[in-house]
Amino acid sequence: MPFRALFVSIVAFSLISCDPNDTVQDAPPDLSAHSRFIVKMKPEVGLFSIGDKAGYLLSKAGTENRVEAIDEEFFTLELTTDKAAALEALAQSPNVAYIEPDPVAYALHRPNDPMWTSQWAHLKIQSEQAWDLSRGSETVVVAVIDTGIDYNHPDLRANVWTNAGETPNNGRDDDGNGLVDDYYGYDFANNDGDPMADDVGSYHGTHVSGTIGAVGDNGIGVTGHAPRVKLMGLKFLAGNGQGQVSNAIRAINYAISKRVKIMSNSWGSGQGSQALADAISRARQAGILFVAAAGNGGQDGIGDNND
């Protein structure tokens, strides 16, 4: 797969419109074929605790089903019993803003050439001319929301972001953000503090990180488009390259809380998500550049291996 200028190409995300006020879905989604959903509570119930809201959702959906908070407004819901009745009760609830399927997202490509002279994008976009002006800055943190980062990689290690408020591998939540050992970022796919790529099948995030910010002028491997930035590992795609959009939202929320400058999102889904659009809007309102893949499959919402 040829390298493309993911980092420097500002493209519209294929699952949403460019304007956060635009309508994301032309028609209500068909919920009947799904068992996992994202539920948004209305703002007027904001005074209640997360636990109260979760309990309320279970009272509507049935206590045998499962509810988990994404944040104070959004919840995931897994329906294993009485799905039709639960969906009808939630649709009629005055406290629920909307309910939608929790789509599966997937990585769009796999890593390739290890040598800078083989990096097609640098020649295509004339990176050398840009480097005469700037090679990036270590004060700029890019959140790589993907399959994880090999933070021990010799061509990435010096540019990997670390959480100054966290002591690694001590089993404690040192910075009080509710996450344990999130020193290099966080693994939302497995709900732990280690965003390391799982295996060969999940090196997508490491490849993307190298395209963005592999260390330059170190005499090895490749160089990134911005070889001095810091790379935050936020994993939500598992080793098979797939992950739930709800976990992508958690990753976005984490990056917002850490005040990153840029988010890299080299993934897509065949289905739109209002909850994801809302999360992206929050990122944009926080002044974050949200960079994402778009149109790789030649149609809305579809990605392929040719980006």
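As shown above, the structure is provided for reference.
Residue indices begin from 1 for each chain and proceed along its sequence in written order. Where local features are concerned, this predicted model is filtered to residues with pLDDT of at least 70; where side-chain atom pairs are given and counted, the filter is 80 or more; whole-chain, interface and lining totals use all residues. Note that water and hydrogens are dropped before the side-chain values are worked out from all heavy atoms of the structure.

Another point: the overall build of the protein. Strands are runs of DSSP state E lasting at least two residues, helices are runs of H or I lasting at least four, and both sets are numbered from the N terminus onward. Along the protein, the regular secondary structure elements total seven helices and 12 strands. Here the protein, with 307 residues, has 49% of them falling under the buried criterion. Here the contacts in the protein between residues at least 6 apart in sequence split such that 75% fall between residues at least 24 apart. Here, Shrake-Rupley sampling with a 1.4 Å probe gives the accessible areas, and only protein chains in the shown set may cover a residue. Approximately 14,200 Å² of the protein is accessible, and the part contributed by carbon and sulfur atoms is 48%. Burial status follows relative accessibility: with a 1.4 Å probe on protein chains alone, a residue under 20% of its type maximum counts as buried, one over 50% as exposed, and anything between as partly exposed. We call two residues in contact when some of their heavy atoms are within 4.5 Å.

This part is about the sheet that holds strand β9 (residues 242-244). Two strands pair under a simple rule: DSSP has to find at least two bridges between them. Read across the sheet, three strands follow the order β9-β5-β11 without closing on themselves; strand pairing throughout is antiparallel. Edge positions in the open sheet fall to β9 and β11 (267-268), since each of these has one partner strand only. In this sheet, β11 lies alongside strand β5 (residues 104-107) in antiparallel orientation, the contact comprising two bridges. Each bridged residue has a counterpart across the sheet, and for Ala107 the counterpart in β11 is Trp267. Only the stretch in contact is used when a helix axis is fitted, and all axes are lines through C-alpha atoms; the angle between N-to-C directions ranges over 0 to 180 degrees. Sheet strands in contact with helix α6 (residues 245-257) are β5, β9 and β11, and its direction is about 75° off that of β9.

Across the sheet, which stays open at both edges, the five strands sit in the order β7-β8-β6-β10-β12 with parallel pairing between neighbours. Each of the sheet's edge strands pairs with one partner strand only, and the pair in question is β7 (185-187) and β12 (289-292). Strand-to-strand twist in this sheet, taken as the mean axis angle between neighbours without regard to direction, amounts to 20°. With three bridges joining them, strand β6 (residues 141-146) and strand β10 (residues 262-265) adopt parallel strand pairing.

The next thing to look at is unusual backbone geometry. Residue Asp82 is not a glycine yet carries a positive backbone phi of 50°. Mapping Asp82 onto the fold places it in the loop between β3 (74-78) and α2 (83-92). By relative accessible area, which is 61% here, Asp82 ends up exposed. Despite not being glycine, Asp181 has its phi angle at roughly 60°, a positive value. With respect to the secondary-structure elements, Asp181 resides in the loop between β6 and β7. Judged by relative accessible area, Asp181 falls into the buried class, the value being 15%.

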